[in-house]
Amino acid sequence: MQLELAKIISSGDAIGWAENKTFFISGVLPGETIEFKDFYKEKSYYRPHNFRIIRQSPQRRKPICPLFGVCGGCSFLNMNYQFQAETKISIFKELILQQKLDIKEVLFRSEGEFNQRTRAKIIVTNRQPSFRKKMSHETITFENCPLIHPELNKIMTSACKNMKNGLNIQFEFSKNTGEWIPDRNFIEKEVLGKRIGLSKNSFFQASENGAALLSKLMLKKLDEISPAKFLDFFSGVGLFSKIIEDRNIEIMAVESAASSVSDYKKNLGKRGNILSSDGYKITADFFNKFKFMLIDPPRAGIGEKLSSEIISSSIENIVYISCNPSTFARDISYFINSGFKLSDVTICDLFPATPHFEVFSFLSR
């Protein structure tokens, strides 16, 4: 059987149709044609057992990593970076269309393709760092992942020699100080000249460069609106609050994770107030105190109930940052259908070579 692939979807798979069947194939680009004899069913779609590419895309390139295709850490290294950008924009727009919405302009921003990530979760295998193999629970060891900061690669390789096999370890590296977790329980990163501390169990963006990119976009909107108060919702350790601490603006934050709340207090001191609470239970009465808020929720998004509380409040301007374009598209539909206008939609590529990305957007009414 021959099959031409039509597009890449949010899972990172290419999709194509033949004999009234939907096929998902990993590692193939849109416009390429594959040939195979056998296939198997997986959920509501099919995958070929073995295939060969009989027509290649001009967007294809030789992957920089020798583990590509076996390692499950990334799936886009075989396409040039410009095409990665186009693919992510296409994935995002399709998710928006599924909500019966349309976005005319989507920008793409990146701080670089390689050596960006200062945060990595690995498994210790044979006293070496490893990732899961593609579509498998088995692991594959590595020394120099091209997506990870070179110093963090060295740190993980060295540290794993003294760690127990099978451990799942979250590494966090500071480019500014050279400190790293789990060697320390608390380190300081630097973003746009601001020192931001975080503990072992606290959340931070995948890279310091990525955090700076999101912060710059946020500052641009803040300059345009000039609000008297700033609500930092799902604030984590206080990245965005810290960035604006020198401004003449009242800062309030909401966060539920105990370690992040503690870090927020250390980072902001008396400059920022934080409510330690489940953000999903906050009601419109609380939001009525603000006209401007920044939301950076977990992958689950904010959902219909919390969206409804915000919509029914006096909030006028919202910066919505999301690491999950699928739940972002769902949430945005609630706001747009309630009269909010969406603008400044930017894909921030904090996860090159993968189908993942952050979305920065602005809602107003």
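Above this text is the structure in question.
Rules and cut-offs
- Residues numbered from 1 in each chain as written.
- Predicted model: local features only at pLDDT ≥ 70, side-chain atom pairs only at ≥ 80, totals over all residues.
- Heavy atoms only, no water.
- Helix = DSSP H or I, 4+ residues; strand = E, 2+ residues; numbered from the N terminus.
- Expected span 1.5 Å × (residues − 1).
- Contact = heavy atoms within 4.5 Å.
- Salt bridge = Lys/Arg side-chain N within 4 Å of Asp/Glu carboxyl O.
- Buried < 20%, exposed > 50% of the residue type's maximum accessible area, 1.4 Å probe, protein only.
- Pairing = 2+ DSSP bridges.
- Axes fitted to C-alpha atoms, helices over the stretch in contact; angles between N-to-C directions.

Q: Pulling in residues and values, what's your account of helix α8 (residues 325–336)?
A: Between the first and last C-alpha of α8 there are 16 Å, a value that for 12 residues agrees with the 16 Å anticipated at 1.5 Å per step. The elements touched by buried residues of α8 are α1 (81–98), α7 (303–311), β21 (317–322), β22 (341–348) and β23 (358–364).

Q: Give me the pattern of salt bridges: which residues, what numbers.
A: Per the stated rule, a full pass over the model turns up 23 salt bridges. Where glutamate 113 meets arginine 61, a salt bridge forms, and the shortest distance between an N and an O atom there is 2.4 Å. With glutamate 113 in the loop between β9 (107–109) and β10 (119–125) and arginine 61 in the loop between β8 (51–55) and α1, this residue pair connects regions lying 52 residues apart in the sequence. With relative accessibility at 12%, the residue glutamate 113 sits in the buried group. A salt bridge links glutamate 316 to lysine 291, with the shortest nitrogen-to-oxygen separation between them at 3.8 Å. Of the two residues, glutamate 316 is situated in the loop between α7 and β21 and lysine 291 in the loop between α6 (284–287) and β20 (292–295); the sequence distance between them amounts to 25 residues. Here glutamate 316 falls in the partly exposed class, since its relative accessible area comes to 34%. The structure contains a network of salt bridges with shared partners spanning Lys194, Lys242, Glu245 and Asp246.

Q: I'd like a description of the sheet that holds strand β17 (residues 229–233), backed by residues and values.
A: Across a sheet, strands are paired by hydrogen bonds formed along the backbone, either parallel or antiparallel in direction. Strand order across the open sheet formed by eight strands is β9-β22-β23-β21-β20-β17-β18-β19, with mixed pairing between neighbours. Two strands in the sheet have a free side with no partner beyond their single neighbour: β9 and β19 (272–276). In this sheet, neighbouring strand axes are inclined to one another by 20 degrees on average, regardless of whether the strands run parallel or antiparallel. Both β17 and strand β18 (residues 250–255) contribute to a ladder of five bridges, which runs parallel. Bridge pairing in β18 links aspartate 232 to alanine 253. Sheet contacts for helix α5 (residues 258–268): β17, β18 and β19; angle to β19, the most-contacted strand, approximately 170 degrees.

That is the geometry; function is a separate question.
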